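Structural overview
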Amino acid sequence: MAHREFTDVKGLLWAVWDVRPSISTDGVSPPGMLLGEDASQGWLAFQCGNERRRFYAPPDGWESFTDAQLAKLCHHAVTVGPSR
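Below or above, wherever it landed, is the structure these notes cover. (Residues numbered from 1 in each chain as written. Predicted model: local features only at pLDDT ≥ 70, side-chain atom pairs only at ≥ 80, totals over all residues. Heavy atoms only, no water.)

Counted as a void, the second largest pocket has a volume near 220 Å³. For the second largest pocket, the full set of lining residues is Asp8, Val9, Lys10, Leu12, Trp14, Glu51, Arg53, Ala71, Cys74 and His75. Considering each element in turn, the lining of the second largest pocket owes the most residues, 3 residues, to helix H1 (residues 67-76). A per-class count over the lining of the second largest pocket returns 5 nonpolar, 1 polar and 4 charged. (1 Å grid on protein atoms, 1.4 Å probe; cavity = no way out; pocket = protein on both sides within 12 Å on 5 of 7 lines; lining within 4 Å. Points joined across faces, edges and corners; volume = space filled by probe spheres on them. Helix = DSSP H or I, 4+ residues; strand = E, 2+ residues; numbered from the N terminus. Nonpolar A, V, L, I, M, F, W, Y, C, P; charged D, E, K, R; others polar.)

This structure, assessed with the given rule, holds 2 aromatic pairs. When the ring of Phe6 is compared with that of Phe46, the centres are 6.0 Å apart and the planes differ by 90°; the resulting orientation is edge-to-face. Linking Phe6 in strand S1 (residues 3-7) with Phe46 in strand S3 (residues 43-48), this pair joins segments that are 40 residues apart in sequence. Overall, the relative accessible area of 1% leaves Phe6 in the buried class. (Phe/Tyr/Trp six-rings, centres within 6.5 Å; stacked < 30°, edge-to-face > 60°. Buried < 20%, exposed > 50% of the residue type's maximum accessible area, 1.4 Å probe, protein only.)

Judged by nonpolar contacts, the single largest core of 13 residues is most densely connected at Phe6, Val16, Leu44 and Phe46. Residue assignment for this core shows that the elements contributing at least two residues are strand S2 (13-19), S3 and H1. Ranked by the residues each element gives to this core, the list is headed by H1, at 4 residues. Excluding anything up to four places from it in sequence, Val16 contacts Ala2, His3, Arg4, Phe6, Leu44, Ala45, Phe46, Trp62 and Leu70. (Core = buried A, V, L, I, M, F, W, Y, C linked by side-chain atoms within 4.5 Å. Contact = heavy atoms within 4.5 Å.)

The next thing to look at is the side chain of Arg4. On the secondary structure map, Arg4 appears in strand S1. Taking relative accessible area as the criterion, Arg4 reaches 19% and is therefore assigned buried. Engagement of the side chain of Arg4 in a polar contact is seen with the backbone oxygen of Glu63, the distance being 2.6 Å. Within polar-contact distance, the side chain of Arg4 engages the side chain of Asp67 at 3.5 Å. Arg4 has contacts with Trp14, Ala15, Val16, Trp62, Glu63, Ser64, Phe65, Asp67 and Leu70, leaving out every residue within four places of it along the chain. (Polar contact = N/O pair within 3.5 Å; in protein donor to acceptor, adjacent residues only side chain to side chain.)

Written out as structure tokens, the structure is:
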């Protein structure tokens with residue numbers, strides 16, 4: 001799991017990392033984890049304070065993107081609720 005930090009155009013520091021869901025050998029998601037089609041390929045998780053976002057189907061090589069490129073992905077990411 002790669003992890004990066006970047007600063008957006010507003011000067012906010014974001015953390016970003018990739019999430020790759022694992023599927024059990026019987027093809028069923030782990031207990032309590034229902035994955036939609038968007039999530040099946042994984043996502044980039046963005047976090048800044050209490051704000052969390054997901055960008056589904058992360059592009060190859062995102063780890064070496066510039067701060068501006070990561071900020072653009074973050075801007076287009078889906079806002080998600082607090083973790084359980």
